[in-house]
Amino acid sequence: MEEVKEVKLHGYVKSGYSTMVHYALRLKGVCYEYVEEDLKNKSEELLSLNPVYKKVPVLVVDGRPIAESLIILEFVDEVWKDNNPFLPQDPYERAKVRFWAQFFYQKLVPGGYAIRNSEGEARKKAAEEFVDSLIILEEGLRKDLYTGVPFIHGERPGLLDVILSGSHSTFNYLGGLAGVKLLEKERMPILCSSLDAFVELDAIKSMAQDFKIPKPPAPSAA
Amino acid sequence: MAGSGDKVTLLAEWPSPYVHRAQIALELKGVSYEYLEQEVWVNKSELLLKYNPVHKKVPVLIHKGRPICESTIILQYIDEVWAGIGPSILPSDPYERAVARFWASYVDEKWFPSSTKIMKAKTEEEKAEAVEQSLTGLNLLEEAYEKSSKGKPFFGGDNVGYLDIVFGSALCWEKTIEKISGIKLIDETKFPLLAAWAQRFSAITIVKELTPETNKLVEFWKELQAIRNANTSGN
């Protein structure tokens, strides 16, 4: 692809998906403009950029919009392929990363909605199922990808670290709703190690200054 | 590059459009593979539980003894491993790849579920709502086809690509929906471009060969619903 000139992210401060894209762009060292959208009063621009889903995030690169966070993340990785690759080179390793990324969207995303949209006993059950899914993810990553601390992908953060850390605030919020700690260091050491290391990255620490958005959450110390 | 000693096995089920995707891609790349029919609905087979413990679903591609699960991930794996052979399944331009992935995800998350809902609907109201959602989706896909194909025969251009395979694999079910519910979804008067594309795609030799007959799919669907109803009304 020819050299890119203009990058604009339409997002929302509380959207984990928007945060994922911020993180991806920061890790790649991309200069971009950020537009905070009011989701209760969606702008004409957002509706025209994402007419199918009418949601954030939408990444606009040289006037062309891309929607859906996982698709945006792979796009960013492919356009700025020389900086901090998000996926391994080997096709089988890539398939394993994509599998767990998809697992996140198939299980943890609906799982989060289940917590949000329930109450009492049903919410408690939803939280337990959410934790079960996190454990499946933790064990799956240990079996499939684990190479050592600190990140899921090894020494440098990759796609799964971006997705997980982008969701960190959301997990804290969901845990608050359910009255339980969803991420436990003892049961999920790989996930917690990734989250702790991610907030220490220079590219991420400096983000709040640039965008006037809340700082990443504090490390997940048990 | 895959050597001739690297065995490829596909854990499969004949009615599954997701399995057909993998088969189409393997055939397009000229890859020989062993097809193993699995028991998916009543008692899941051992191989399935071994190679896809998380989802326990087909398709599973086993290459060099290692499993790859999830049809869209399998498509990308095939495209990457046999990259030098035949046309690429995904476009090479990152933006075009994102567009193909976007619409493939739309087919899988929105269009196909709302379409199969037409067969599952318990009331006329439910059915009408599902039909409307499916037709809305087809409007979007008709537009997407126009933009992606740029006047060429497939979403992928001159050659069958990722979105052709993902969407095209669902066509046998579109016919099944018509047989069961009487609703013709990809109507050529409403969606002329998609109707023409669907005919072209269905006429491709490998697609013709592995597409199950509509009557068999209707029978399969009825059996599947009976199993599902038995499961929900039991214990």
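As annotated in an unreviewed UniProt entry, chain B is glutathione transferase from Ananas comosus. Database annotation for chain B, UniProt heading Sequence similarities (unreviewed entry): "Belongs to the GST superfamily. Tau family." Listed in UniProt under the heading Catalytic activity (unreviewed entry), the comment for chain B reads: "RX + glutathione = an S-substituted glutathione + a halide anion + H(+)".

Labelled according to an unreviewed UniProt entry, chain A appears under the name Glutathione S-transferase, originating from Ananas comosus. Of chain A, the UniProt comment under Subcellular location (unreviewed entry) reads exactly: "Cytoplasm, Cytosol". Of the comments in the UniProt record for chain A, the one headed Sequence similarities (unreviewed entry) reads "Belongs to the GST superfamily."

Engineer: Describe the interface of chain B and chain A, naming the residues involved and giving the relevant values.
Structural biologist: On the side of chain A, 25 residues touch chain B, which itself brings 25 residues to the contact. Buried surface at the junction of chain B and chain A, summed over both partners, amounts to about 2,300 Å²; 66% is from carbon and sulfur atoms. Inspection of the chain B/chain A interface yields five salt bridges. The partner of R97 of chain B in a salt bridge is E78 of chain A, with the nearest N and O atoms 2.9 Å apart. Summed over the shared surface of chain B and chain A, the result is nine residue pairs in polar contact (both at pLDDT 80 or more). Listed by contribution, the elements that provide at least two residues to the side of chain B that touches chain A are β4 (66-69), α3 (71-81) and α4 (94-120) of chain B. Counting residues per element, the side of chain B that touches chain A draws most heavily on α4 of chain B, at 10 residues. Within the side of chain B that touches chain A, the residues separate by chemical class into 14 nonpolar, four polar and seven charged.

Engineer: Before we move on, can you summarise the UniProt feature "domain: GST N-terminal" (unreviewed entry) in chain A with the specific residues and values?
Structural biologist: Those places that UniProt annotates as "domain: GST N-terminal" (unreviewed entry) correspond, in this numbering, to residues 5-84 of chain A. End C-alpha atoms of residues 5-84 of chain A are separated by 20 Å, and the span's content is 38% helix alongside 21% strand.

Engineer: Tell me about helix α7 (residues 171-181) of chain B, and please be specific about residues and values.
Structural biologist: Within an α-helix, residues lying three or four positions from one another point in the same direction, as the helix has 3.6 residues per turn. Every buried residue belonging to α7 of chain B is among L171, C172, W173, E174, T176, I177 and S181 of chain B, and all of these are buried. After α7 of chain B finishes, the residue G182 of chain B shows a positive phi value of roughly 80 degrees.

Engineer: Outline the packing of aromatic side chains, supporting the account with residue identities and numerical values.
Structural biologist: Scanning the entire structure with this criterion turns up 23 aromatic pairs over all chains. For the pair F104 of chain A and Y105 of chain A, a centre-to-centre distance of 5.8 Å together with 65 degrees between the ring planes defines the contact as edge-to-face. When the centroid spacing of 5.0 Å and the interplanar angle of 90 degrees are considered together, the rings of F102 of chain B and W103 of chain B count as edge-to-face. Across the pair, W103 of chain B and F102 of chain B agree in class, each one buried.

What counts and what doesn't
- Residues numbered from 1 in each chain as written.
- Chains lettered and ligands numbered in written order.
- Predicted model: local features only at pLDDT ≥ 70, side-chain atom pairs only at ≥ 80, totals over all residues.
- Heavy atoms only, no water.
- UniProt positions renumbered as here; feature names shortened; annotations may be inferred.
- Contact = heavy atoms within 4.5 Å.
- Buried area = accessible area lost by both parts, 1.4 Å probe.
- Salt bridge = Lys/Arg side-chain N within 4 Å of Asp/Glu carboxyl O.
- Polar contact = N/O pair within 3.5 Å; in protein donor to acceptor, adjacent residues only side chain to side chain.
- Helix = DSSP H or I, 4+ residues; strand = E, 2+ residues; numbered from the N terminus.
- Nonpolar A, V, L, I, M, F, W, Y, C, P; charged D, E, K, R; others polar.
- Buried < 20%, exposed > 50% of the residue type's maximum accessible area, 1.4 Å probe, protein only.
- Phe/Tyr/Trp six-rings, centres within 6.5 Å; stacked < 30°, edge-to-face > 60°.

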